[in-house]
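# Topology and contacts: notes
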Amino acid sequence: MVMAPELTPIRERARFVRFPRLDSIRNRIIAFAVVATLIPSGITLAISYAQNRRGLEANITQDLVSQSEQTARSMSVWLKERLYDLRVFAASDEVANNLGAAPRGAATGPGAPSSPTRNRLREYLLSLNERFADYGQLIVLDAEGQVIGTTRGDVSPVNLPRDWLSVLRTDGQFVGAPYWDSTARTGKLLVAVPVNRADGRVVGAFAAHLNLGPVAGLMHSFAPDSSGAIYLVSGTGGIIASSRGITPEGLRARMPPAELTRMASSSRTSSRYVNFQDVEVIGAAEQVPQTDWLVVSEIAGDAAYGQLRRFRNFSMLVVLGLLLAVAASAYWLGVIIARPLDRLTRGAREVAGGDLAVDLPQGGGGEVGYLTSVFNHMVSRLREGRRELDNINDMLQKKNEELERLSITDGLTGLVNHRFLLQRMNDEGIRASRYHHEFSVLMADVDHFKQYNDEFGHPAGDKVLRQVADIIRESVRPSDTAARYGGEEFAIVMPETPAAEALEIAEHIRASVASASFPGKKITLSIGVAEFPSDADLPHAVIAAADKALYEAKSDGRNRTVRAKGKRVKI
């Protein structure tokens, strides 16, 4: 018989590869010891790894969603405040009268001649710049986009899209694309609001170039650590600002469009993707209210799963060390065994079944006694390994519980945070709907807090927030939930409380803050109160109703409490 040529190398290699046979007692003991150690340890390690991975992913998702929600809220407040100021500036008779008096078709550019209209507008805009240092260049445009007045000495044309006037008329505001100001070495954003005549007709626009540096600083305060970042992204994927600062390269970067669309449509979830820096990250996105902006919170995948990998590697080292110790002990046991030992066989069978409480009595001296002693030592090592794994699981469970506690607490004030408040609103809404009970929501905001921070510094502002939080905590009932809603804004959920009673508590809080002593100057609160279901059909809409009442309180002069108008707000 002729052997096939391709089989010859296989048979040649088989002569040198020898697998251990299990027909000897020594090999059987070694195999048994390894299997008896590996199976329970491997199963325990796999289950523990899976549970810790799920818990870690859930905590990462919660943190990213919380960061993106808080940042989106702050970005909305920041933009609203700027647009509100511009609307106040644009409503001045000085702007409307001088804009109407400006000659149509007047020349613009660095060499444009001055006129009384431009001079009056420039004096007015310069006075605004002196009082409101947060704004950069202020500009007054006519309906054709020509510059009528500006705070700069030269009258340079403003680069506007063709449909800017229709957007201004439709939306009541215009927010341009971010750009890099090489002179100021920072990112800027052009925003504008309409200038209306007495009959309501739009005759021009009041615009400002906003410095994005404060936005990046605000986002940096919400970023987790150096391994994570928060980005403010436009609807087209362009990066407006970042918690890592603003650079020309960053403003030119684009988020992955497909991933951005998917995150925008999947709220309160996270996903893994490769970002514009070619880094694999885990991210979550949140829409900024009343804009097409998105806040994307990211953390590097390596940093997110670093703790899990360390746990896995440490556990595998423990199991490997245990296997080596058990295999060595089994080998020496097999060397001195000459005949089967029934008692040792029964003990080994119990260990194979997972019972590590086996403790064989000493069978005398000689080989039997030595073998029994080594076997007992092996089982003891297995028990120690299981205890070590149990201790590791207990340690990880305690860390997860601590992370859960920190995830629902605001680190500055000690009150619960925005994420826990929304969960509390859901629970209270279900309970109130089921038992037909009402509940009320208070939205409180520290008046002129930004000015206080600018005047006395952020450490003093933090002390104010903590003192206001203490007053709120002392004024509410144990059943109420007081939270820091974001920035200098607080929210209180009051179960089974009608609006009339909530107004009394709100007024007590307002008066307590107004009469309290704060570093530097007097601090006051504006508070909005809304009731479910008389002011809103849905639990989360109660926050919107209370927030609307809060802004009415601020518009009416601040340091007051305003009840929602009773018109149901739907979201």
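Predicted, not measured: the structure shown is a model, and the values here were computed from it. (Residues numbered from 1 in each chain as written. Predicted model: local features only at pLDDT ≥ 70, side-chain atom pairs only at ≥ 80, totals over all residues. Heavy atoms only, no water.)

Another aspect to go through is empty space enclosed by the protein. As enumerated under the stated definition, the model contains three cavities of 30 Å³ or more in all. By volume, the largest cavity amounts to about 120 Å³. Lining the largest cavity are 10 residues, and of these Asn52, Leu56, Gln307, Leu396 and Asn400 sit closest to its centre. With four residues, helix α12 (residues 366-407) is the single largest residue contributor to the lining of the largest cavity. For the lining of the largest cavity, a count of residues per class yields five nonpolar, four polar and one charged. (1 Å grid on protein atoms, 1.4 Å probe; cavity = no way out; pocket = protein on both sides within 12 Å on 5 of 7 lines; lining within 4 Å. Points joined across faces, edges and corners; volume = space filled by probe spheres on them. Helix = DSSP H or I, 4+ residues; strand = E, 2+ residues; numbered from the N terminus. Nonpolar A, V, L, I, M, F, W, Y, C, P; charged D, E, K, R; others polar.)

This brings us to the pattern of salt bridges. Applying the stated criterion across every chain, the model contains 18 salt bridges. When the shortest N-O distance is used, the salt bridge between Glu81 and Arg82 registers 3.3 Å. Residue classification places Glu81 among the partly exposed positions, given a relative accessible area of 32%. Given the relative accessible area of 7%, Arg82 is considered buried. The partner of Glu428 in a salt bridge is Arg431, with the nearest N and O atoms 2.9 Å apart. Of this pair, Glu428 and Arg431 both sit in helix α13 (residues 418-435), separated by three residues, roughly a single helical turn. When its relative accessible area of 1% is taken as the criterion, Glu428 is described as buried. Residue class for Arg431 comes out partly exposed when judged on its relative accessible area of 29%. One connected set of salt bridges, linked through shared partners, spans Arg424, Glu428, Arg431 and Glu496. (Salt bridge = Lys/Arg side-chain N within 4 Å of Asp/Glu carboxyl O. Buried < 20%, exposed > 50% of the residue type's maximum accessible area, 1.4 Å probe, protein only.)

Attention now moves to the nonpolar core. In a soluble, globular protein the nonpolar side chains are often hidden away together inside. Judged by nonpolar contacts, the single largest core of 41 residues is most densely connected at Leu86, Val140, Phe206, Val215 and Leu232. Looking at this core element by element, the count peaks at eight residues for helix α2 (residues 25-90). Filtering out sequence-adjacent residues up to four positions away, Leu232 remains in contact with Met75, Val215, Met219, Gly238, Ile239, Ile240, Ala241, Val288, Trp293, Leu294 and Val295. Among the nonpolar cores identified, the runner-up in size contains 28 residues, and Phe449, Val476, Leu525 and Ile527 belong to it. (Core = buried A, V, L, I, M, F, W, Y, C linked by side-chain atoms within 4.5 Å. Contact = heavy atoms within 4.5 Å.)

Here we take up the packing of α13 against helix α17 (residues 539-555). Orientation of α13 relative to α17, taken along the N-to-C sense of each, is 120 degrees, at an axis distance of 8 Å. In this view, α13 runs oblique relative to α17, as classed from their interaxial angle. For the pair α13 and α17, contact is made by Leu422, Met425, Asn426 and Gly429 and by Pro539, His540, Val542 and Ile543, respectively. A per-class count over the contact of α13 with α17 returns five nonpolar, three polar and no charged. (Axes fitted to C-alpha atoms, helices over the stretch in contact; angles between N-to-C directions. Parallel < 35°, antiparallel > 145°, perpendicular 65-115°, else oblique.)

This part takes up the sheet that holds strand β9 (residues 271-274). With antiparallel pairing, the five strands of this open sheet are ordered in space as β8-β7-β11-β10-β9. Looking at strand neighbours, the two that pair on one side only are β8 (239-242) and β9, the edges of this open sheet. Across this sheet, the average inter-strand angle for adjacent strands is 35 degrees, counted without regard to direction. Strand direction decides the pairing type here: strand β7 (residues 228-233) and β8, joined by three bridges, are antiparallel. Looking at the pairing, Val233 lines up with Ile239 of β8. Where helix α6 (residues 213-222) meets the sheet, its contacts fall on β7 and β8, and the angle it forms with β7 comes to roughly 140 degrees. Strands in contact with helix α8 (residues 257-265) are β7, β9, β10 (280-287) and β11 (294-300); relative to β9, the strand with the most contacts, it is inclined by about 165 degrees. (Pairing = 2+ DSSP bridges.)

Between its first and last C-alpha atoms helix α15 (residues 458-475) spans 26 Å; for 18 residues at 1.5 Å apiece the expected length is 26 Å, and the two agree. For α15, the full list of buried residues reads Ala460, Gly461, Val464, Leu465, Val468, Ala469, Ile471, Ile472 and Ser475. (Expected span 1.5 Å × (residues − 1).)

With that settled, consider a nonpolar patch on the surface. On the surface, a nonpolar cluster with roughly 350 Å² of combined accessible area is contributed by Val35, Ile39, Ile43 and Ile47. Assignment of secondary structure puts Ile39 in helix α2. (Patch = residues over 30% accessible without salt bridge, like charges linked within 9 Å, V, L, I, M, F, W, Y side chains within 5 Å. Areas by Shrake-Rupley, 256 points an atom, 1.4 Å probe, with all protein chains shown as cover.)

Moving on, we come to unusual backbone geometry. Here the amide bond leading from Phe532 into Pro533 is cis, since omega sits at 10 degrees, within 30 degrees of zero. Here Pro533 is to be found in the loop between β15 (525-532) and α17. Here His436, not a glycine, exhibits a phi torsion of approximately 60 degrees, which is positive. Relative to the helices and strands, His436 resides in the loop between α13 and β12 (439-446). Of the residues examined, His436 reaches a relative accessible area of 70% and is grouped as exposed. For His448, which is not glycine, the phi dihedral falls at a positive 55 degrees. Summarising the element assignment, His448 is placed in the loop between β12 and α14 (449-456).

By the bridge criterion, three bridges tie strand β1 (residues 135-142) to strand β2 (residues 147-150) in an arrangement that is antiparallel. Within β2, the position partnered with Val140 by the bridge is Gly149. Joining the antiparallel neighbours β1 and β2 is a turn of four residues, in which Gly145 adopts a positive phi near 85 degrees.

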